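Below, each chain spelled out in residue letters.
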Amino acid sequence: MVLLDGFPLVDEFPLDPQLLYLNHAAVAPWPRRAAMAAQRFAEENLHSGATYAQQWLEQEQGLRQLAAKLLNAPQAEDIALVKNTSEALSMVAFGLNWQPGDKVVITDQEFPSNRIPWEALSRKGVKLVTAKLDQAETPEAAIAKACTTNTKLISVSSVQYASGLRMDLKAIGALARQHQALYCVDAIQSLGALTFDVESIGADFVMADAHKWLLGPEGIALFYSHPKARTQLKLYEYGWHMVEALGDYDRHEWQPAASARRFECGSPNTLGIVTLKGSLSLLLEIGISNVEQRVIANQRYLRKRLEKDSRIQILTSDDPKRQSGILHFRIKDKNDDYHKALYQSLLDQQLICAYRHKGIRLSPHFYTPEPVLDKAVSMIRNAL
Ligand SMILES: Cc1ncc(COP(=O)(O)O)c(C=O)c1O
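Residues numbered from 1 in each chain as written. Predicted model: local features only at pLDDT ≥ 70, side-chain atom pairs only at ≥ 80, totals over all residues. Heavy atoms only, no water.

Undergrad: Help me out: how do you make sense of the overall build of the protein in this one?
TA: Across its full length, the protein holds 13 helices and 15 strands. Against the 2.2 N^0.38 benchmark of 21 Å for 384 residues, the protein shows a C-alpha radius of gyration of 21 Å, consistent with a compact globule. With the C-alpha coordinates aligned to their principal axes, the bounding extent of the protein is approximately 70 × 60 × 35 Å. Summarising the internal contacts of the protein: among those between residues at least 6 apart in sequence, 68% fall at separations of at least 24. With an accessible surface of roughly 17100 Å², the protein has 50% of that area assigned to carbon and sulfur atoms. Here the protein carries 43 positive and 43 negative side-chain charges, and the mean point of each set is 6 Å from the other. (Helix = DSSP H or I, 4+ residues; strand = E, 2+ residues; numbered from the N terminus. Rg over C-alpha atoms; globule rule 2.2 N^0.38 Å. Contact = heavy atoms within 4.5 Å. Areas by Shrake-Rupley, 256 points an atom, 1.4 Å probe, with all protein chains shown as cover. Lys, Arg positive; Asp, Glu negative; His and termini not counted. Charge placed at Lys NZ, Arg CZ, Asp CG, Glu CD.)

Next up, the structure:
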């Protein structure tokens, strides 16, 4: 049995031994306790419906508390439970009061979820400025170059989805403050894998879906908002669940909850909540700095073994400060079709990975055992 600080990891991740699962940057497997929580909830519904629904509310509050811990948010009330990262980004983009000529700064490596909502603001006269990360000494210097007096918001991914580039979130936060701009962080590629501190980076909004490094289900996401920034967002979804006096159905006067619950219009995704709560409890019990150490060690181990092969070009930065759980590589002098075929052949052999931005992306998590990494490296080398 593989143990990490006393945790029986094989018990928590009883993955099919045929699979080399290196795809946590896409969709992750659930740990056993998350799957069990989902099963228990299904059984409960099967046998007693919503008889014990009062306990569901406790689960919901419990999840907010775990999420606040993970983000180092001052209070659970700062966390809304929404559908996905894209929904939270859209709530920010379409909630703010824009003036024609206002600018939003993003980077040229963003996943479409952190580009399309800002592009959709063009009909309001908002201009999108894209920082070219490779065209300055550091990614943050590129963002600084893109900021002007009209910059009203900076939105970046904490880790870029293809290259795995880890952004200096503190430096970008300082830049946002210097420009009196709001600061939005899409944390889906780091939350659950790397330490995160919403207070020290000074973010106004942070969002992350559960199905990647958080090891949870699709369709539920954490959405942090700073109390001051929160009130700047106009609301577009209304219902019984987002009012201050929750549960007082006879009351006709209402106001939106002061907490982030104002972004949750109706019945919550309780199945997602109980499942994700299981996943977060595991990550927090192990400790997110322990998780981070292992995630980085696994990524570096893969890199070290792959870069020995002169046919392979590692695309992920070799600066340790810039590294995350993602390793991105290409085969030298080969075109996109070659890489697509390589990806398909790896997938056919049960190496679960991704083809992203002209290369192959590997993303082991903290629990991925070294023999799995070794087998993946051999499989890749044999496939060339
Ligand atoms: C950086 C980043 N943001 C957002 C998403 C998608 O998020 P969601 O499906 O939760 O909207 C992804 C998915 O790959 C991503 O890598």
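Undergrad: Sorry, what's going on with the pairing of strand β15 (residues 359-362) here?
TA: Side-chain direction in a regular strand flips from residue to residue, so the side chains alternate between the two faces of the sheet. The pairing of strand β12 (residues 327-331) with β15 spans three bridges and is antiparallel. Note that in β15 the partner of Phe329 across the bridge is Ile360. The sheet contact formed by strand β14 (residues 354-356) and β15 spans three bridges and is antiparallel. Within the sheet, the bridge partner assigned to Ala354 lies in β15 and is Arg361. Remark: two residues form the turn of the hairpin made by β14 and β15, two consecutive strands paired antiparallel; His357 in that turn has positive phi of roughly 35 degrees. (Pairing = 2+ DSSP bridges.)

Undergrad: Looking at this structure, I do not really get a nonpolar patch on the surface. What am I missing?
TA: A cluster of nonpolar residues, Trp240, Leu246 and Tyr249, forms a patch on the protein surface that exposes about 350 Å² of accessible area. Structurally, the position occupied by Tyr249 is in the loop between α9 (227-230) and α10 (270-286). (Patch = residues over 30% accessible without salt bridge, like charges linked within 9 Å, V, L, I, M, F, W, Y side chains within 5 Å. Salt bridge = Lys/Arg side-chain N within 4 Å of Asp/Glu carboxyl O.)

Undergrad: Explain the site of the ligand here, please?
TA: In the neighbourhood of the ligand, the contacting residues comprise Asn84, Thr85, Ser86, Phe111, Ser113, Ser157, Tyr161, Asp186, Ile188, Gln189, Asp209 and Lys212. At a separation of 2.5 Å, an oxygen atom of the ligand approaches a polar side-chain atom of Ser86. Within the side chain of Lys212, one N or O atom sits 2.7 Å away from an oxygen atom of the ligand. Look at the ligand: alone it shows 400 Å² of surface, and the protein chains cover 89% of it. (Near = heavy atom within 4 Å. Polar contact = N/O pair within 3.5 Å; in protein donor to acceptor, adjacent residues only side chain to side chain.)

Undergrad: Can you help me understand the pattern of salt bridges in this one?
TA: Between side chains of opposite charge, pairing is possible as soon as their charged atoms come close. Counted according to the given criterion, the structure contains 17 salt bridges. The partner of Asp78 in a salt bridge is Arg230, and the shortest N-O contact between them spans 3.3 Å. You can see Asp78 sitting in the loop between α3 (53-71) and β4 (79-82) and its partner Arg230 sitting in helix α9, a full 152 residues away along the chain. Judged by its relative accessible area of 0%, Asp78 falls in the buried class. Since its relative accessible area comes to 3%, Arg230 is described here as buried. By sharing partners, the salt bridges in this structure join Glu12, Arg33 and Glu285 into a single network. (Buried < 20%, exposed > 50% of the residue type's maximum accessible area, 1.4 Å probe, protein only.)

Undergrad: Which parts of the structure should I look at to understand the sheet that holds β12?
TA: Within a beta sheet, neighbouring strands are joined by backbone hydrogen bonds and run either parallel or antiparallel to one another. Overall, antiparallel pairing links the four strands, which are arranged β11-β12-β15-β14 in an open sheet. Looking along the sheet, the strands with just one partner apiece sit at the ends: β11 (312-314) and β14. Across this sheet, the average inter-strand angle for adjacent strands is 40 degrees, counted without regard to direction. Set on the sheet, helix α11 (residues 288-306) makes contact with β11, β12 and β15; between it and β12 the angle comes to about 15 degrees. (Axes fitted to C-alpha atoms, helices over the stretch in contact; angles between N-to-C directions.)

Undergrad: In this structure, what is going on with the sheet that holds strand β7 (residues 151-157)? I would like to understand it.
TA: The strand order β4-β10-β9-β8-β7-β5-β6 describes an open sheet built from seven strands, whose pairing is mixed. Two strands lie at the open edges of the sheet, namely β4 and β6 (127-131), each paired on one side alone. Shown here is a sheet whose adjacent strand axes are inclined to one another by a mean of 20 degrees, direction ignored. As paired strands, strand β9 (residues 205-209) and strand β10 (residues 221-225) are joined by five bridges and run antiparallel to one another. Note that in β10 the partner of Met207 across the bridge is Phe223. Across the face of the sheet, helix α6 (residues 139-146) comes into contact with β5 (103-107), β6 and β7 while running at roughly 150 degrees to β6.

Undergrad: Which parts of the structure should I look at to understand α11?
TA: Helical periodicity: at 3.6 residues per turn, an α-helix aligns residues three or four positions apart in one direction. Under the 1.5 Å per step criterion, the end-to-end length of α11 is 27 Å for 19 residues, consistent within 8% with the ideal 27 Å. Those residues of α11 not exposed but buried are Ile288, Val291, Glu292, Val295, Ile296, Asn298, Gln299, Leu302, Arg303 and Leu306. Burial along α11 is one-sided: seen end-on, the buried residues are contained in an arc of 155 degrees. Projecting away from the buried face of α11 at angles above 90 degrees are the exposed residues Gln293 and Lys304. Lining the buried residues of α11 we find α3, α10, β11, β12, β15 and α13 (370-383). (Expected span 1.5 Å × (residues − 1). Arc of directions from axis to C-beta.)

Undergrad: I keep staring at the environment of Ser48 and nothing clicks. Help me out?
TA: In this fold, Ser48 is placed in helix α2 (residues 32-48). Judged by its relative accessible area of 22%, Ser48 is partly exposed. Between the C-alpha atom of Ser48 and that of Ala34, which follows or precedes it by 14 residues, the distance is 21 Å.

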